[in-house]
Amino acid sequence: MDKVLGDRPVSDGAKALQGTIPGLQITYGSGQPGGTTDIQIRGFESINGGSPLILVNNVPMDINDINPKDIESVTVLKDASAASIYGARAAFGVILITTKTGSKNTPTRVNYSTTIGYNKPTTRPKKASPKDFVQALLDWGQATYWTGENTEEWLEYINEYNSNPAAYPEGYIVGENDFKYFTRENDVYGEFINNKGFNQLHNLSVSGGSAKTFYRVSLGVTDEDGIMVGKNDTYRRYNANINLTSDISEKLSSTFNIFYKNGLRKIPLSGDIESLYYSAINFHSAIPTGYTDYNGEQVPYSTPANTVLLTPPRKNYDEVIRLFGKATYKPIKKVDLNAEYTFEKTNTKSEDPSYAPAFMSPTTQVYTAYNALQSSYTQRSNEKNYL
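All values derive from a computational prediction rather than experimental measurement.

Asks: Teacher, can you tell me more about the nonpolar core here?
Replies: Of all hydrophobic cores here, the largest spans 18 residues; its most connected members are Leu24, Ile39, Ile63, Ile66, Ile95 and Ile97. Of all the secondary structure elements, the ones that give two or more residues to this core are α2 (13–17), β1 (24–28), β2 (37–41), β3 (53–56), β5 (71–77) and β6 (94–99). In this structure Leu24 touches Leu17, Ile39, Gln40, Ile41, Val76 and Ile95, once residues within four positions along its chain are discounted.

Laid out in structure tokens, this is it:
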């Protein structure tokens, strides 16, 4: 598996397998840090959904919980033989993953690896300039924009602004009835998606063994930052894996494994990402950004960038601890009797605050004050024990 991974900056098991096994299709619904994956063997198989059974050391497990550096080998069962072995749960195939262990009669080895990089959008939509946008409205025969601007006057004000921008440092010209015509071109989308998404992966492992006992201990840290502005679009995960195997006698051996994972994912605007992108794309290029004065107070415009920066994110916590024990007895040659026991405890928690500060609408110029009675905080927890 190390040859397959190479220097690829992958942060979870699904990404590690992407594009490496024929017939195994792995797709991501979004580019968000810590985003979920869709795994299919031989393509789309049912209108009712379905995914392959994933076994890690013969125990069902979420593939995204695995540290890619702990994977020793991967086997994909695609045919009906999978269902004959594992039953109905294997109707969509089986992915068998084996994790790394130590080796007998080897000195202690310490390995450390780190990967540092960044993500950025490959393309960004290019908006029409304010002049081109308003000219298009006139060409379509639209005399008034939906927010109240007279398009002919608006175009005149834009030309006036373009001839001498320094005369209008606020980026707008006041028309009749004190109506503000915004004329300066702003990069609403660029302010929202202006992060290069700094990512870092750290992995440390210690392994070794004597004639009767061998071990491997690994620690991993994954820290991903999304491409949205600020630090409210992130994912951090800690992994620990301890494996110990001992020969108790010539016929009896035992294996003990501890797996631990702790993750935190931050999602802006309580997960309503679609509305942020919708606004960033649909706002015209003269939409004001930053802050504005309202009765002597600096109030932020409710642009996507300010919304991400100033509203608290949803926080999804998930913690998994798994204990695995195995005893193997060999009464005679070529006969192995195995006894296995697995205990898994999963704890997930979601914190979902709905607090929003005072905002000024960049389209209608309507002020919305902070209302403590409309702010709330929701916490949900779920715990699962698996034996």
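Asks: What am I meant to see in helix α7 (residues 273–282) here?
Replies: An α-helical turn contains 3.6 residues, so any two residues separated by three or four positions project in the same direction. Of all the positions in α7, only Ile273, Leu276 and Ala280 are classed as buried. Down the axis of α7, the sector holding all buried residues measures 65°, keeping them to one side. Exposed positions of α7 whose direction lies more than 90 degrees from the buried face are Glu274 and Tyr278. Buried residues along α7 sit against α6 (188–192), β13 (252–267) and α8 (304–310).

Asks: Is there a simple way to think about the pairing of strand β11 (residues 213–225) in this case?
Replies: Residues in a regular strand project their side chains so that they alternate between the two faces of the sheet. When strand β10 (residues 198–209) meets β11, the two strands line up antiparallel, connected through eleven bridges. Opposite His202, over in β11, you have Val221 as the bridge partner. Where β10 hands over to β11, the hairpin turn is made up of three residues, counted between the paired strands. Relative to strand β12 (residues 234–247), β11 runs antiparallel, the two being bridged by 13 bridges. Among the inter-strand pairings, Arg216 is bridged to a residue of β12, identified as Asn243.

Asks: When you look at the side chain of Thr245 in this model, what are you seeing that I'm missing?
Replies: Within the secondary structure layout, Thr245 lies in strand β12. Reaching out from Thr245, the side chain makes a polar contact with the side chain of Thr255 at a distance of 3.3 Å. Apart from residues no more than four positions distant in its own chain, Thr245 is found in contact with Lys212, Thr213, Phe214, Ser254 and Thr255.

Asks: Even after reading the chapter, I still don't get the pairing of β3, so can you show me in this structure?
Replies: Of the two faces of β3, the one lined by Leu53 and Leu55 and the one lined by Ile54 and Val56 are each fully buried. Alignment of β3 against β6, held across four bridges, turns out to be parallel. Opposite Leu55, over in β6, you have Leu96 as the bridge partner. The sheet contact formed by β3 and strand β4 (residues 59–60) spans two bridges and is antiparallel. Counterpart to Leu55 in the pairing with β4 is Pro60.

Rules behind the numbers
- Residues numbered from 1 in each chain as written.
- Predicted model: local features only at pLDDT ≥ 70, side-chain atom pairs only at ≥ 80, totals over all residues.
- Heavy atoms only, no water.
- Core = buried A, V, L, I, M, F, W, Y, C linked by side-chain atoms within 4.5 Å.
- Buried < 20%, exposed > 50% of the residue type's maximum accessible area, 1.4 Å probe, protein only.
- Helix = DSSP H or I, 4+ residues; strand = E, 2+ residues; numbered from the N terminus.
- Contact = heavy atoms within 4.5 Å.
- Arc of directions from axis to C-beta.
- Pairing = 2+ DSSP bridges.
- Polar contact = N/O pair within 3.5 Å; in protein donor to acceptor, adjacent residues only side chain to side chain.

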